[in-house]
Structures are given as structure tokens and as C-alpha cells.
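# Residue-level structure breakdown
Single-letter residue listing:
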Amino acid sequence: MLLPWALFVSACWPAAKAPASQFPSAEPALEQLRAQHSCSRALRGEAKIDSFSPQGRLKVGALFMLEHPQSLRLDLLSPLGGTLGTLTSDGARFALLDQKERRFYVGSANQCNIERFLQVPVPPAALAQLMAGEAPVLVHEPNAATIAWSDGHYRIEIDSRHGAHETIELEPHASDFAKPYAEQRLRVIRVRVEQQGVTLYEAELAGYHSGAMATSRIDPFGLDPQVDPSGPVCHVEVPSRIRFNVPVSERDVVFESTALEHNPPLLPESFTQSPPAGVAIKAAPCD
């Protein structure tokens, strides 16, 4: 049985005294976080996905790639070799190849279609940000966001439209507590989104480490042109573990990532796919 996540987080993120210099409002803290990650245009890695739900437990390996703001690719791996399925989303078009059922689903790149495949109610753009260690921020007026120091971290509370509320918890690097707030590097450790008082999801991020910088893609046979990295040199920290808790559907999904690389070379078909021969083409469930 897994240890309660709260114990895991408390072990990794011990409580600390408040910094002498603190962010005066939420917007500078959010801007600081965006600036930290601005060098990372895309991310590539391997992952293990462990999903718990009333229907049982599912554990599978995966390869993933994302490009900001909302392009995503996920290849689920079979333990026997090959892929079980491939999900692509370029921000407008969603496609899912189910190798087992020999079906190819196409539709809109919306939250519902992503959720049916990954079991977490997160829009594609928000999922890409969380996997890169950023915090998706609900649309809000500047005066609708507050920040305060609480239990060893900054806590940002945001009131958005239609009764939506978001809580973002940020922790400064241990070596930055004595620095002015504008020089404090921040880590996202928790994001919770509620609608009309009901928690839609809570994401907890841990295991931060510097991501490697991807190298150019070179065809060993010299047939295809070289493809350079998709962004500048970048080693910003990214989380190696994200846990999604979805109380409404009693789902608990853990992403554990390895081999993370910033700004991998991207091909035109990185986030799109066409149906292979012999598959049935279906409309995505949420279209």
C-alpha cells in the first residue's frame, strides 16, 4: 500500500521559516514562475502511469512529448513491446489510436477527450504546464488573486469566473530564503481547482531536478536533414512525480517521469497522426 501522499510531501518539503523578503502580491510571483520556465519551449521524457479508480488499478509505461502552449503526445507502451495506443493533440485536433481494438478516434482537443484517456479532468494546456513544472492559472482579474506565506510555502488563492477557485502553492529554493523576493526561484508543489465548492482535481508535484538539454536529431544514414532543438539551452527544474487526485470520480493517478529533456527536436507530425490501414475511424466520445 502506498504511504499517504501528505506524508510523502512533508518528508520532501520540510517546513521552513518565512523569507525575510516576500512577494507583495500574487502577480509578481506568477510572473516570476513564468520567467523561470520561459526557456523551455517543449519537453520530452519517459513515464510510468499508475492509475487507481473504483474499476481497479492500471499501471503502464509511456513516452511523452509536449510543446507549449497545448500540444501533447503520449505513447502507451506494451510490456511485450510496441505501443498500446497513441494520443496526440495539437491544440485543435485530438486523435487517439487504440491498437488493441484497432480503432482510431478523432475529434476536438478538449478536456473531456483528454480525460477519457488519461483519467484526469485537466485541459491539454494545463496538463502540459503541470508536466513541465508550471502552474496553470485560471483567468482572473488582478485584484482577484491573493498571496500569503503559510506552512513553509507561498499560497496563492485565485477567484475566477462561474464560481471557480484555484489554489497554487509555491516553495522557494532552500538557498533563496535570504534573497529579495524578485530573486527567489520557485517550485510549484500543489495546484487545486474547485468549481462551486467541489474539487475538480488536485495535483501535487515533487522530485524536482534539472532537466537535460536535448541535442539535434541527426539521421545516421544522411537521408533526412538535421533537426535542431526546438528552443534555447535550458536546464530549468521539472518535477519527476505528479499525483492527480480526483475526488468526484475517486481517481488517483500518478505520473513518474524519467529521462526528461528540454526543447527536443520537433517534426511536423509530432503532435498529429493519421489512421493506419485496417483501423475503424470513429468520432471521439466527447464530440
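Each value, and the rule that gives it
Residues numbered from 1 in each chain as written. Predicted model: local features only at pLDDT ≥ 70, side-chain atom pairs only at ≥ 80, totals over all residues. Heavy atoms only, no water. Helix = DSSP H or I, 4+ residues; strand = E, 2+ residues; numbered from the N terminus. Contact = heavy atoms within 4.5 Å. 1 Å grid on protein atoms, 1.4 Å probe; cavity = no way out; pocket = protein on both sides within 12 Å on 5 of 7 lines; lining within 4 Å. Points joined across faces, edges and corners; volume = space filled by probe spheres on them. Nonpolar A, V, L, I, M, F, W, Y, C, P; charged D, E, K, R; others polar.

## Things to note about the side chain of Ser-78
Tracing the backbone shows Ser-78 in the loop between strand 3 (71–77) and strand 4 (83–89). Excluding residues within four positions of it along the chain, Ser-78 makes contact with Thr-83 and Leu-84.

## Considering empty space enclosed by the protein
To find leftover empty space, one rolls a probe the size of a water molecule over the atoms. The tally for this structure, following the rule as stated, stands at one cavity of 30 Å³ or more. Along its surface, the largest cavity is lined by Phe-64, Met-131, Pro-239, Ile-242, Phe-255 and Ser-257. Here the residues of the lining of the largest cavity are counted per class, giving five nonpolar, one polar and no charged.

## Considerations on the layout of surface pockets
If you add up the space inside the largest pocket, you get close to 750 Å³. What lines the largest pocket is a set of 27 residues, among which Leu-58, Leu-76, Arg-116, Phe-117 and Gln-119 lie closest to the centre. Elements supplying a minimum of two residues to the lining of the largest pocket: strand 1 (42–53), strand 2 (56–67), strand 3, strand 4, strand 5 (93–98), strand 6 (103–108) and helix 3 (111–118). Reported here for the second largest pocket is a volume of approximately 350 Å³. Taken together, 17 residues line the second largest pocket, and the ones lying closest to its centre are Leu-138, Val-139, Ser-160, Ala-164 and Val-193. Of all the elements in the fold, those that place two or more residues in the lining of the second largest pocket are strand 9 (164–172), strand 10 (186–195) and strand 11 (198–206). Grouping the amino acids of the lining of the second largest pocket by side-chain chemistry returns 11 nonpolar, four polar and two charged.

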